[in-house]
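# What the coordinates show
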Amino acid sequence: MTTLPEPVERLLDAALVGELTVVDGTGHPVTYPLIPLYDGERIYMTSSTLFSKKLEHIKANPRVAVSITDPVAVGGRTDRATIQGDARVMEEDPHGGWERILPIWEKKEPAIVAFLKARVALPLFFERSLIEITPRRSLYWSDGDAAVAPLVAVAEGNGKEAA
Amino acid sequence: MAEPLPRTPVLDASEGLAKLATYPFQILAFIGPDGYPVSVAVEATTDPASGVVSFGAPAGLTVPADADVSLTGSHIRPQPGYGYDERRHVTVWGRAATDGGRVTFRAARAWGWDESEVSFFEYSERSVAQSRRYFDALSAERGTPVKPRLSFGWLALRTTRLPFLTATFVPVILGIAIAARQGAFDLVTAVLTVVGAAFVQLGLNVANDVFDTVQGADDANVTPTQFSGGSRVIQYGLVSLRQMAGLATLFYLAAALIGLLLLALRGSPALLAIGVIGFIVSIGYTAPPLKLVYRGLGEIAVAIGFGPLMLLGAYVVQTRGALSWEPFVASLPIALLVALILYVNEIPDRRSDARAGKRTLPVRLPKATVVNGYRAAAVASYAILVGGVAVGVLPIPALLALLTIPLALRVSRGLEPNYDNPYGLMAVMGVNVKLHLYAGLLLLAGYLVVLIAGAIAPSVPLFLR
């Protein structure tokens, strides 16, 4: 089981939006704002097939980073974190497979359930793949200031190191 | 297809940089030495004149020199108990140079989305091509077709545009009611007429999607609404073009069979003529060689088809071919109001229609003329109603339909401010559909009053002459 520092987990639990950065086919970073969903072990994000370019990038290169940076999206907290990890695209059933994380999603965005009931109006938006991210390393800025080196934690081990 | 599917809007680098400068902080992203992306919030300063952006190097992290990095601005507004709105984001890329404690780069390219500029629905429509590529790739990977899905009920509703059958039910039932008032009514043929007419409209709805897809109008439309832009089941990959063509054929065959049965049971030259013209107008609405809607005759075709043809057709089935002025006059307000549904629904489609060569009235006319045209046609529909009552062709209770005037006023007032906002216009289009339905139902209610009064108090005069 991977472990993340408790403040990082709290940020993941609170964040209405985070930034997923993937590596594109030319080796450049591409950042997508997405809602992060954390089950205590892995981070999940979903992507509609409409906006599925990121899935192509992840399939080609699973190394990703998720950052939580926006105080507005975390109830005013000023600390920030970035989690690097390995992503897997789960697309066995784009129609309904992603709905297993719906309970976590609904906690952050209650309107999603109402939207889902109106699936007929936006059918392709609800054809989705799940992105499962296994954390490998986290960077944590307790006061959110990048002028100060982050606290780095390696998820696979228990050691914490200064950057 | 007439042209490639529309893509998501593109930003140029300077525009992206200007947008990036409006965010209170930016997320720097680069690829670390271990191959993992690194992302960290920084506060960048931008110089729009030179296109250069700079920020303090984050402590403890090594931003690679002479490598591409990106800065992203992202914004949402939390809505407690709901989620969030005001979504926007922008990313600018450039090749980083480090100088002491600062990192600089010149903006080379940008990408982003702001829902206040491009609505979520339009953004989704512009991204349909990406969804197609996704399913094509997944199908190739699995060696078997993978398609998006909807439950059968929802798919049937969407494919056939079933709720719009009110456009058929109103004139057909009104025609039957007028015949009944004149003493001609047969339940079996009345039911067959309603079902047969419904099949004609279902055939029209589905055929319309087929021919609008073949001719590129639906593919070019990036602002469809629930009232306009077609069912989009073909564009979304939910139903194939071939399946839709088959479905349209089935509906028309069912309608033809019922038409033949009605001819056998209640045949008359009038019914035969109305049936043949109705089929030609229905099929020729979008299909070549007539392509009435592409030639600027769509509104007239709909008015004739869902007005006099439907109403008189239902009437002559009951009267075995006898014609009179009453059903014809009653059909005119209905014809105008149903044409106004199409007319308003064409407003958000006008750009894609123009690209596909569809010469609808909103394509050909300026905004002021279109809005005034609506007002004139709405006034005409009520004037015909009042005139019909005044000359004694229509019964006095038919004036109940005047109760819908406030709805017409709401549509009239809503057109101008929402003319260029397809999603703002949706509510107006909804009221316009209700206007036709409620006017038709109130006309029917008027005839119900006449029928009941005729049964219990035949001496009460319900016509002015």
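Computed from a prediction, not measured in an experiment: that's the story for all the values here.

The secondary structure content of chain A amounts to 4 helices and 9 strands. Along the longest, intermediate and shortest principal axes, the C-alpha atoms of chain A span 50 × 35 × 30 Å. Per-residue burial for chain A yields a buried fraction of 60% across its 163 residues. The contacts of chain A with a sequence gap of at least 6 include a subset with a gap of at least 24, amounting to 65%. Approximately 6,000 Å² of chain A is accessible, and the part contributed by carbon and sulfur atoms is 54%. The averaged location of the 23 negative side-chain charges in chain A is 1 Å from the averaged location of its 18 positive side-chain charges.

Glancing now at the overall build of chain B. When helices and strands are counted, chain B shows 15 helices and 9 strands. The C-alpha radius of gyration of chain B comes to 29 Å, more than 25% above the 23 Å expected for a compact globule of 465 residues. With respect to the three principal axes, the spread of C-alpha positions in chain B is 100 × 50 × 40 Å. A total of 465 residues make up chain B; the buried ones form 55% of that total. Taking the contacts inside chain B whose residues are at least 6 apart along the sequence as the reference set, 70% of them involve residues at least 24 apart. Charge centroids of chain B, computed over 36 positive and 30 negative side chains, lie 9 Å from each other.

Another aspect to go through is the sheet that holds strand β8 (residues 102–106) of chain B. Picture the strands of a sheet paired through backbone hydrogen bonds; they go either parallel or antiparallel. All names here are of chain B. Across the sheet, which stays open at both edges, the 4 strands sit in the order β3-β4-β8-β7 with antiparallel pairing between neighbours. Of all strands in the sheet, those with a lone pairing partner are β3 (45–47) and β7 (97–99), marking the two edges. The sheet shows a mean angle of 25° between the axes of neighbouring strands, taken without regard to direction. Note that β7 and β8 share 3 bridges and pair antiparallel. Paired with Asp99 across the strands is Arg102, a residue of β8.

Let us look at the pairing of strand β1 (residues 18–23) of chain A. Residues and elements named next belong to chain A. Within β1, 6 of the 6 residues are buried, which leaves the element mostly enclosed by the surrounding structure. Burial along β1 is two-sided: the face carrying Gly18, Leu20 and Val22 and the face carrying Glu19, Thr21 and Val23 are both buried. The sheet contact formed by β1 and strand β2 (residues 29–34) spans 6 bridges and is antiparallel. By the bridge assignment, Val23 is partnered in β2 with Pro29. Hairpin connection, β1 to β2: the antiparallel pair is bridged by 5 residues, and Gly27 has positive phi, about 85°. Bridging between β1 and strand β5 (residues 63–68) involves 3 bridges; their strand directions are antiparallel. Of the residues in β5, the one forming a bridge with Thr21 is Ala65.

In this complex, chain A contributes 66 residues to the contact, which on the side of chain B involves 54 residues. Note on chain A versus chain B: buried area summed over both sides is about 4,900 Å², and carbon and sulfur give 64% of it. For the chain A face of the interface with chain B, the top three residues by lost area are A:Pro29, A:Val120 and A:Leu124, together amounting to 12%. Between the two partners, chain A and chain B, sit 2 salt bridges. Here B:Arg149 ties to A:Asp93 by a salt bridge, and the two come within 3.2 Å at their closest N and O atoms. The interface formed by chain A and chain B includes 21 residue pairs in polar contact (both at pLDDT 80 or more).

This paragraph deals with helix α1 (residues 6–14) of chain A. Residue and element names in this part refer to chain A. When α1 is considered as a whole, its buried residues turn out to be Val8, Leu11 and Leu12. The buried residues of α1 occupy an angular sector of 100° when the element is viewed end-on, so they sit on one face. Those residues of α1 that are buried are in contact with β3 (37–38), β4 (43–48), β5, β6 (80–90), α3 (102–108) and β7 (128–141).

All names here are of chain B. With 24 residues, helix α13 (residues 367–390) extends 34 Å from end C-alpha to end C-alpha; this agrees with the ideal 34 Å at 1.5 Å per step. Considered for burial, the residues of α13 that qualify are Val370, Val371, Tyr374, Ala377, Ala378, Ser381, Tyr382, Leu385, Gly388 and Val389. Packing partners of the buried residues in α13 comprise α11 (325–355), α12 (361–364), α14 (405–418) and α15 (422–456). Positioned one or two residues after α13, Gly392 has a phi angle of 80°, which is positive.

All names here are of chain B. Segmenting chain B into domains produces domain 1 (13–118), domain 2 (119–148) and domain 3 (152–456). Computed from C-alpha atoms alone, the centre-to-centre distance between domain 2 and domain 3 is 34 Å. Counting residues at the interface gives 9 residues for domain 2 and 13 residues for domain 3. Buried surface at the junction of domain 2 and domain 3, summed over both partners, amounts to about 870 Å²; 53% is from carbon and sulfur atoms. The tally of links between domain 2 and domain 3 comes to 2 salt bridges. A salt bridge links Glu125 to Arg232; the nearest nitrogen and oxygen atoms lie 3.0 Å apart. Viewed at the interface, domain 3 and domain 2 are joined by 3 residue pairs in polar contact (both at pLDDT 80 or more). Where the side of domain 2 that touches domain 3 is concerned, the elements lending two or more residues are α2 (120–126) and α3 (128–142).

Before going further, it helps to examine empty space enclosed by the protein. One pass over the full model with this rule turns up 3 cavities of 30 Å³ or more. In this structure, the largest cavity spans a volume of roughly 60 Å³. Lining the largest cavity are A:Leu50, A:Ala121, A:Leu122, A:Pro123, A:Leu124, A:Phe125, B:Ser124, B:Glu125, B:Val128 and B:Tyr236. Considered class by class, the residues forming the lining of the largest cavity number 8 nonpolar, 1 polar and 1 charged.

Below, the discussion takes up the layout of surface pockets. Residues and elements named next belong to chain B. By volume, the second largest pocket amounts to about 600 Å³. Lining the second largest pocket are 34 residues, and of these Val200, Ile274, Gly275, Gly278 and Phe279 lie nearest its centre. Listing elements by their share of the lining of the second largest pocket, those giving two or more residues are α6 (187–214), α8 (241–266), α9 (269–284) and α10 (298–319). In terms of residue class, the lining of the second largest pocket is made up of 25 nonpolar, 9 polar and no charged.

In this section: the environment of B:Leu441. Mapping B:Leu441 onto the fold places it in helix α15. As a C-alpha pair, B:Leu441 and B:Arg181 span 260 residues in sequence and 16 Å in three-dimensional space.

Criteria and thresholds
- Residues numbered from 1 in each chain as written.
- Chains lettered and ligands numbered in written order.
- Predicted model: local features only at pLDDT ≥ 70, side-chain atom pairs only at ≥ 80, totals over all residues.
- Heavy atoms only, no water.
- Helix = DSSP H or I, 4+ residues; strand = E, 2+ residues; numbered from the N terminus.
- Buried < 20%, exposed > 50% of the residue type's maximum accessible area, 1.4 Å probe, protein only.
- Contact = heavy atoms within 4.5 Å.
- Areas by Shrake-Rupley, 256 points an atom, 1.4 Å probe, with all protein chains shown as cover.
- Lys, Arg positive; Asp, Glu negative; His and termini not counted.
- Charge placed at Lys NZ, Arg CZ, Asp CG, Glu CD.
- Rg over C-alpha atoms; globule rule 2.2 N^0.38 Å.
- Pairing = 2+ DSSP bridges.
- Axes fitted to C-alpha atoms, helices over the stretch in contact; angles between N-to-C directions.
- Buried area = accessible area lost by both parts, 1.4 Å probe.
- Salt bridge = Lys/Arg side-chain N within 4 Å of Asp/Glu carboxyl O.
- Polar contact = N/O pair within 3.5 Å; in protein donor to acceptor, adjacent residues only side chain to side chain.
- Arc of directions from axis to C-beta.
- Expected span 1.5 Å × (residues − 1).
- Domains from an automatic or database assignment.
- 1 Å grid on protein atoms, 1.4 Å probe; cavity = no way out; pocket = protein on both sides within 12 Å on 5 of 7 lines; lining within 4 Å.
- Points joined across faces, edges and corners; volume = space filled by probe spheres on them.
- Nonpolar A, V, L, I, M, F, W, Y, C, P; charged D, E, K, R; others polar.

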